[in-house]
Amino acid sequence: MSNTKRGMHLILGPVLFLLISLCLGKTGLIDYTAAKGIGTAVWMIYWWVTRPVDITVTALLPGVINAIFDIVPMENVISQYASSSIILIFGSCLLTAPWSEIGLDKRISLKALSLIGPSMKSQITVWLIAAIVLSNMMPNVVVVAIFTPIAVSMLAAAGYKDIRNCEAATPILCAIAWGSQVGGAGTPLGGAMNITAIAFIEEFTGKEFMYIDWITRMLPYTIIATVAVLLTMLLKPMKTNSLEGTKEYFEKCYKDLGPMKKDEKVSLVLFIVAMLGSFVRPLYADLIPGLVPAYLFLLLGFANFVIVSFEKKELLLTWEKAQKEVMWGMLLLFAGGLALGQILTGSGANDAIAGVISSANLNGGFVTIMVFTLFACIISEMTNSTVSAAVALPIVIGVTQKMGLNPIPYVFTTAMGMNFESILPVSVRAISVSYGLDPDKLLKNGLVVALVRMLIAVAVGYVTMLVWPGFGTL
């Protein structure tokens, strides 16, 4: 981006904020406080899309804007940057921080990928499903960051070193990126967007959200979306039919790792305990009310700082290593979304937006679900799923409340829509592009997949609400 273009986008962000704040406030339809809340959202969305600064920097805007214009109590905004949801992501990062050094991430990946046969269809199938399964256990950005370099190395071993012009590379790298998105919807551990949704649900209900409730309600969508995306990819004509030697490549790589080391076993056990502990939380919630998943992950992640490595005779995790491995940008981006939600809610902006949407004579049926899902899909594609959750879900809750409906089922159906990014080379997809995936091929292939996946989200969400009486009951 040229300096001139960047400067234009930098200026237009605050200009849009001021125009919206003044113009909407003068109309008398909403007060100036609500207008400033809407202006804050527009400024952030504009910068998230145009990117004159890093998206993480944009996530700091709620605190900056609120300090100047005093839209809502400052403690409501700043507290979001150290909420229990932030602690959960931080704890998750601490749990997996030793993996790259001790080789556990590669062991898990290579074990799954050693099942791949030479045909392109089996390649696509295994890469997609492996990404889906692993992204149910950790953030999708981590899954893509682990799998993509392995895929590139595999292609190089098969004689394909020019990734950008390699016909075999496109479907494989796309399968990794898209699989991580489908799997990311399956559990709260799939990424910050799901934790954002849970934070809004807990704020609305005023009680702790059980992770098992997310899994059961998202399972039908995850299964159907997996089949739909896989079939869409497999039915597309392929110029390369097989990659000879790839199965042997993965088997050799896995064999070279040797037997599973004690450090790997310890790290894996800690992670499994954290994951299972989160999902079976209802069994011990009354006994240990303070040990919510956020603090369970923090507790077990903290254990890495005191456990001594069996191999190196040093601490399994040091603060210096943690600083490099923790995804600080994701933490701030997620917190910025929550802070924006506080401004939209506290300023009355959500009520104003809900009033406008409610006047469109939506009745809570199929059209309502389609509007929410399409809105979430568009924002996810332009930015990322976490931003989509932060922007769309407060509006969904506000609109449904205004209509006298239970917001919970609409939050889940909107989450189905927001949990996918397939077209533009931003967010998770930027990792694939950075390893050589042609952005034009990503766009061309992603359009069909995005359309199919969006239709699946709308259909599954609508049908589930009709046939499952307890879908919206927590």
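Residues numbered from 1 in each chain as written. Predicted model: local features only at pLDDT ≥ 70, side-chain atom pairs only at ≥ 80, totals over all residues. Heavy atoms only, no water.

> Sorry, what's going on with the nonpolar core here?
General note: in soluble globular proteins, nonpolar side chains tend to be found buried as a group. Within the largest apolar cluster, 110 residues are counted, with the highest numbers of intra-cluster contacts made by Trp127, Phe147 and Tyr221. With eleven residues, the single largest contributor to this core is helix α13 (residues 211-234). Those residues in contact with Tyr221 that sit more than four places away from it in its chain are Ala185, Met416, Asn419, Arg453, Ile456, Ala457 and Val460. Grouped together as the second largest cluster of nonpolar side chains are 30 residues, Ile38, Leu333, Ala352 and Val391 included. (Core = buried A, V, L, I, M, F, W, Y, C linked by side-chain atoms within 4.5 Å. Buried < 20%, exposed > 50% of the residue type's maximum accessible area, 1.4 Å probe, protein only. Helix = DSSP H or I, 4+ residues; strand = E, 2+ residues; numbered from the N terminus. Contact = heavy atoms within 4.5 Å.)

> Just to check I follow, could you spell out helix α11 (residues 169-184) for this structure?
An α-helix turns once per 3.6 residues; consequently, residues spaced three or four apart project the same way. Between its first and last C-alpha atoms α11 spans 22 Å; for 16 residues at 1.5 Å apiece the expected length is 22 Å, and the two agree. For α11, the buried fraction is high: 16 of the 16 residues fall into the buried class. (Expected span 1.5 Å × (residues − 1).)

> How do you make sense of the environment of Gln323 when you look at a structure like this?
Note on placement: Gln323 falls in helix α17 (residues 319-325). We classify Gln323 as partly exposed; its relative accessible area is 42%. For Gln323 and Ala97, which are 226 residues apart along the polypeptide, the C-alpha to C-alpha distance reads 9.3 Å.

> Is there a simple way to explain the packing of aromatic side chains in this structure?
Remark: the centre distance and the inter-plane angle together describe each pair of aromatic rings, the angle taken between the planes. In the structure shown here, the tally under the stated rule is 15 aromatic pairs. For the pair Phe17 and Trp43, a centre-to-centre distance of 5.8 Å together with 50 degrees between the ring planes defines the contact as tilted. A residue pair is termed long-range when its members are at least 10 positions apart, and Phe17 in helix α1 (residues 3-27) and Trp43 in helix α2 (residues 32-50) qualify at 26 residues. Per residue, the accessibility class of Phe17 equals that of Trp43, and both read buried. Aromatic pair Phe305 and Trp319: ring centres 6.4 Å apart, planes at 35 degrees, arrangement tilted. Separated by 14 residues along the polypeptide, Phe305 in the loop between α16 (293-303) and α17 and Trp319 in helix α17 bring together distant segments of the chain. A residue is classified by how much of its surface remains accessible, and Phe305, at 19% relative accessible area, is buried. Taken together, the aromatic side chains of Phe90, Phe302, Phe305, Trp319 and Trp328 make up a single cluster linked through ring pairs. (Phe/Tyr/Trp six-rings, centres within 6.5 Å; stacked < 30°, edge-to-face > 60°.)

> Could you clarify how one ought to interpret the state of the cysteines in this entry?
As enumerated under the stated definition, the model contains zero disulfides in all. In this structure Cys174 is not part of a disulfide, and its nearest cysteine sulfur, from Cys166, lies 12 Å away. Not engaged in a disulfide, the cysteine Cys253 finds its nearest cysteine sulfur in Cys166; these two sulfurs lie 17 Å apart. (Disulfide = S-S within 2.5 Å.)

> Hey, could you run me through the layout of surface pockets in this one?
The rolling of a water-molecule-sized probe over the atoms marks out the regions of remaining empty space. Considering only enclosed or pocket space, the largest pocket measures out at about 470 Å³ in volume. The wall of the largest pocket is formed by 20 residues, among which Thr170, Pro171, Lys236, Pro237 and Asn445 lie closest to the centre. Elements supplying a minimum of two residues to the lining of the largest pocket: α9 (120-135), α11, α13 and α24 (439-467). A breakdown of the residues in the lining of the largest pocket according to their chemical character gives eleven nonpolar, four polar and five charged. (1 Å grid on protein atoms, 1.4 Å probe; cavity = no way out; pocket = protein on both sides within 12 Å on 5 of 7 lines; lining within 4 Å. Points joined across faces, edges and corners; volume = space filled by probe spheres on them. Nonpolar A, V, L, I, M, F, W, Y, C, P; charged D, E, K, R; others polar.)

> Where do I start with a nonpolar patch on the surface in this structure?
A cluster of nonpolar side chains, contributed by Leu219, Ile223, Ile224, Val227, Leu231 and Leu235, occupies part of the molecular surface with about 570 Å² of accessible area. Summarising the element assignment, Leu235 is placed in the loop between α13 and α14 (246-257). (Patch = residues over 30% accessible without salt bridge, like charges linked within 9 Å, V, L, I, M, F, W, Y side chains within 5 Å. Areas by Shrake-Rupley, 256 points an atom, 1.4 Å probe, with all protein chains shown as cover. Salt bridge = Lys/Arg side-chain N within 4 Å of Asp/Glu carboxyl O.)

> What's the story with the packing of helix α6 (residues 84-96) against helix α18 (residues 328-346) in this structure? I'm lost.
Any two packed helices are characterised by the angle at which their axes cross and by the distance between the axes. Look at α6 against α18: their axes get within 10 Å of each other, and the N-to-C directions meet at 165 degrees. One element, α6, and the other, α18, form an angle in the roughly antiparallel class. Crossing hand, α6 versus α18: right-handed. Facing α6, whose interface residues are Ser85, Ile86, Ile89 and Phe90, α18 presents Trp328, Met330, Leu331, Phe334, Ala335 and Leu338. Among the residues forming the contact of α6 with α18, the class breakdown is nine nonpolar, one polar and no charged. (Axes fitted to C-alpha atoms, helices over the stretch in contact; angles between N-to-C directions. Parallel < 35°, antiparallel > 145°, perpendicular 65-115°, else oblique. Left-handed = near helix turned anticlockwise from the far one by under 90°.)

> Would you mind going over unusual backbone geometry with me for this structure?
Peptide bonds are mostly trans, and most non-glycine residues show a negative phi. Non-glycine residue Asp70 carries a positive phi angle of around 50 degrees. By the element assignment, Asp70 lies in the loop between α4 (61-69) and α5 (74-78). The class for Asp70 is exposed, based on a relative accessible area of 58%. In the Ramachandran plot, Lys313 falls in the positive-phi region, its phi being about 55 degrees despite a non-glycine side chain. Note that Lys313 resides in the loop between α16 and α17. Judged by relative accessible area, which is 64%, Lys313 ranks as exposed.

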